[in-house]
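# Notes for the structure review
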Amino acid sequence: MQTAFTNICERMGRSQKLSEFKHGTVIGCHLCNKYIHENSLLLNIPWPTVSAIITKWKQLGTTATQLNRGRPRKMTERGQRMLKRTVRRSCQLSAESIAKHFQTSCGLQISTTIVSTELHGMGFHGQATASKPYITQCNAKRQMQWHKAHQHWTL
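What this report covers is the structure whose coordinates are included nearby. Here the structure is a predicted model, which means the values were calculated and not measured. (Residues numbered from 1 in each chain as written. Predicted model: local features only at pLDDT ≥ 70, side-chain atom pairs only at ≥ 80, totals over all residues. Heavy atoms only, no water.)

### A word on the nonpolar core
Keep this limit in mind: For the purposes of this section, nonpolar cores are sets of buried Ala, Val, Leu, Ile, Met, Phe, Trp, Tyr and Cys residues that join through side-chain atoms within 4.5 Å. Each residue is placed in one exposure class: buried if its accessible area under a 1.4 Å probe, protein chains only, is under 20% of its type's maximum, exposed if it is over 50%, and partly exposed if it falls in between. The helix count covers DSSP runs of H or I at least four residues long, the strand count covers runs of E at least two residues long, and both are numbered beginning at the N terminus.
Core analysis: the biggest nonpolar cluster contains nine residues, these being M75, L83, V87, I98, A99, F102, I110, V115 and L119. Of all the secondary-structure elements, those providing two or more residues to this core are α5 (77–89), α6 (95–105) and α7 (112–122). If you tally residues by element for this core, the top one is α6, at three residues. In terms of nonpolar packing, the next biggest core, distinct from the first, is built from seven residues, V26, L43, I45 and I53 among them.

This is how it looks when you write it as structure tokens:
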């Protein structure tokens, strides 16, 4: 026996995506002059969803889901090629100076975070070079003597 509470709980699921067939049935019911609440009860779909499907069909002429691409990228492919060329020419530049270079040469307003993100995507990672101690001739001579004295050591 179903109570009103279980019926409401069954209808409240938000994670399900409606099939194209369900979208078509909603539109078909709408074309048969059924009210939104009647469609909702008949198809066991929440009425705001039915309303959204109908308004989308009226505006776009289709019920297919549109691709959500998010915010468009600031840096185009051409800009990425220019960035790569700039970094290869002089790898010692900071992200700040590269961003300023882009603002003057291309007129693009690009922040330093966008520059660093793009460079990371291309495989450029700003790292300090490994510091190597300055070896004098005296130290080099001592190291060679030590290596010659201990070359027969085994593990």
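### Digging into helix α2 (residues 20–31)
Residue pairs three or four apart in sequence face the same way in an α-helix, which turns once every 3.6 residues. Applicable threshold: For a helix, the expected span equals 1.5 Å multiplied by the residue count minus one. As used here, the arc is the angular range of directions from the helix axis to the C-beta atoms. Note on definitions: a residue-residue contact is assigned when non-hydrogen atoms from the two residues lie within 4.5 Å.
For α2, which comprises twelve residues, the first-to-last C-alpha distance of 16 Å matches the rise-based estimate of 16 Å (1.5 Å per residue) to within 8%. Regarding α2, the residues found buried are H23, V26, I27 and C29. The arc enclosing the buried residues of α2, seen along the axis, measures out at 160°, which places them on a common side. Of the residues in α2, the exposed ones pointing more than 90 degrees away from the buried face are F21 and L31. Looking at the buried side of α2, the elements it contacts are α3 (36–43) and α4 (47–60). Two residues or fewer after α2 comes N33, characterised by a positive phi angle close to 60°.

### Details of the packing of α6 against α7
Note the threshold: Lines fitted to C-alpha atoms define the axes here, with helix axes fitted over just the stretch in contact, and angles between the N-to-C directions of these axes take values from 0 to 180 degrees. Geometric relationships in this document are graded by angle, where less than 35 degrees denotes roughly parallel, more than 145 denotes roughly antiparallel, 65 to 115 denotes roughly perpendicular, and other angles denote oblique.
At their nearest, the axes of α6 and α7 sit 8 Å apart, and the two run at 105° to each other. Accordingly, the angle class assigned to the pair α6 and α7 is roughly perpendicular. On α7, the residues touching A95, E96, I98 and A99 of α6 are T112, V115 and L119.

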